[in-house]
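Tertiary structure, described
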Amino acid sequence: MRKIIMGTRGSLLAVAQAETVKKMLAEKIPGLEIEIKKIVTSGDKDQTTNWGGDSSLKSMFVKEIEKELLEGTIDFAVHSMKDMPQISPKGLINACFPIREDNRDVLVSKNNTVFSEMPAGSVIGTSSLRRKSAVMELYPDMEIKPIRGNIHTRLGKLDSGEYDGIILAAAGLIRTGLENRISEYIDPEKMPPAPAQGILCVQCRENNDEILEILKEIDDRETRIVCEAEREFSRIFDGGCHTPMGCFAVIKGEEIFLKGMFCSDEKMYFGEAWGSTANPREAAEKLADIIRRQING
């Protein structure tokens with residue numbers, strides 16, 4: 001079998017995610033040789049623009065990778081699903097969704113302190129409006145301070161004393177071998193995660209039958225279904241990385257349960273809905289209607 005080339009962003013987390021996919025495939029297809037190619041994206045080059053604040057700009061983290069896919073210099077690419085625009089370019093397909101990592105948010109703090117033991121005025125680092133809204137609702141005595149950078153940069157700012165605690169995604173810490181830094185896993189019922197948090201997307205050319213067959217080996221049905229429901233809820237509310245909304249889906253038999261939150265005028269609105277696994281978007285549409293009715297009073 002020829003050598004397969006996988007594309008990814010060059011960050012430590014992105015490479016760790018690519019290595020995870022490479023290991024999964026190696027376990028399923030012994031002898032498969034995969035080379036990882038690191039690709040710099042526009043979002044990586046520009047560290048000042050808030051690309052995630054607008055859902056229409058999510059492509060800044062994937063378009064150079066997608067260009068190489070279309071040109072055939074790589075065979076497939078691994079992305080964080082949170083970075084992916086709603087629609088793929090013509091000729092490309094989101095072919096595979098490996099089993100999901102822990103989707104919860106976590107607190108990383110000085111002295112391993114949990115939220116309930118933090119004194120009033122503690123400085124919590126997050127630039128996510130979703131996380132900020134939840135912390136202000138749950139712990140109004142905390143001070144929220146923006147923070148940017150990759151996982152290691154943010155941990156460095158915490159360790160240097162700029163913050164008493166920071167909120168990160170559990171999946172990123174686990175995949176980069178930093179799970180031991182987690183002080184507290186945050187209840188998703190109280191702080192619903194970002195849609196598709198912890199999900200990887202493997203993208204390839206839609207006419208590449210060889211690669212499509214290979215990727216089938218690590219595609220996880222339940223992850224694909226919950227991803228569709230959560231992404232549809234995000235699409236309805238035009239969710240970018242900094243849109244104050246979150247949700248999580250759980251499959252129970254042939255039904256899917258979806259709980260979500262949307263923040264409007266500094267008030268959090270929660271809702272939950274059920275749907276069929278045969279039509280995951282149904283639950284998202286029901287949930288969006290429930291929350292819209294609350295907002296409109």
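Located above this text is the structure these notes cover.
Residues numbered from 1 in each chain as written. Predicted model: local features only at pLDDT ≥ 70, side-chain atom pairs only at ≥ 80, totals over all residues. Heavy atoms only, no water.

**Some remarks on the packing of helix H8 (residues 221–236) against helix H9 (residues 281–296)**
In helix packing, the relevant descriptors are the interaxial angle and the interaxial distance, both defined with respect to the helix axes. Where H8 contacts H9, the two axes come as close as 8 Å, and the packing angle between them is 40°. Taken together, H8 and H9 sit at an angle that is classed as oblique. The two elements H8 and H9 cross, and the hand of that crossing is right-handed. When H8 is examined against H9, the residues Glu 228, Ala 229, Glu 232, Phe 233 and Ile 236 are found in contact with a partner set consisting of Arg 281, Ala 284, Glu 285, Leu 287, Ala 288, Ile 291 and Arg 292. Grouping the constituent residues of the contact of H8 with H9 by class yields 7 nonpolar, no polar and 5 charged. (Axes fitted to C-alpha atoms, helices over the stretch in contact; angles between N-to-C directions. Helix = DSSP H or I, 4+ residues; strand = E, 2+ residues; numbered from the N terminus. Parallel < 35°, antiparallel > 145°, perpendicular 65-115°, else oblique. Left-handed = near helix turned anticlockwise from the far one by under 90°. Contact = heavy atoms within 4.5 Å. Nonpolar A, V, L, I, M, F, W, Y, C, P; charged D, E, K, R; others polar.)

**A short note on the packing of aromatic side chains**
Summed over all chains, the structure comprises 4 aromatic pairs. Ring geometry for Phe 233 against Phe 237: centres 5.3 Å apart, planes inclined by 70°, an arrangement best described as edge-to-face. In this structure Phe 233 comes out as buried when scored by relative accessible area, which is 0%. Residue class for Phe 237 comes out buried when judged on its relative accessible area of 14%. (Phe/Tyr/Trp six-rings, centres within 6.5 Å; stacked < 30°, edge-to-face > 60°. Buried < 20%, exposed > 50% of the residue type's maximum accessible area, 1.4 Å probe, protein only.)

**Re the pattern of salt bridges**
Considering all chains together, one arrives at 18 salt bridges under this definition. We note a salt bridge from Asp 164 to Lys 110, for which the minimum N-O separation is 3.2 Å. Here the residue Asp 164 occupies a position in the loop between helix H5 (151–159) and strand E8 (165–169), and Lys 110 occupies one in the loop between strand E5 (105–109) and strand E6 (123–125), the gap between them amounting to 54 residues. Relative accessible area serves as the criterion here: at 35%, Lys 110 is assigned to the partly exposed category. Here Arg 281 ties to Glu 228 by a salt bridge, and the two come within 3.1 Å at their closest N and O atoms. Of this pair, Arg 281 sits in helix H9 while Glu 228 sits in helix H8; the two residues are 53 residues apart in sequence, bridging distant segments of the chain. Given the relative accessible area of 30%, Glu 228 is considered partly exposed. Linked by salt bridges that have partners in common, Asp 105, Arg 130 and Arg 131 make up one network. (Salt bridge = Lys/Arg side-chain N within 4 Å of Asp/Glu carboxyl O.)

**Thoughts on the sheet that holds strand E12 (residues 255–264)**
The antiparallel open sheet is built from 3 strands, whose spatial order is E11-E12-E13. The sheet is open, and its two borders are formed by strand E11 (245–252) and strand E13 (267–276), each paired with just one other strand. Neighbouring strand axes in the sheet, compared pairwise and without regard to direction, differ in orientation by 15° on average. In terms of strand pairing, E11 meets E12 through 8 bridges, oriented antiparallel. Residue pairing in the sheet places Ala 249 in a bridge with Leu 258 of E12. In this fold helix H4 (residues 129–138) packs onto E11, E12 and E13, with an angle of close to 115° to the strand it touches most, E13. Each of E12 and E13 is contacted by H9, which is oriented at about 150° to E13, the strand it contacts most. (Pairing = 2+ DSSP bridges.)

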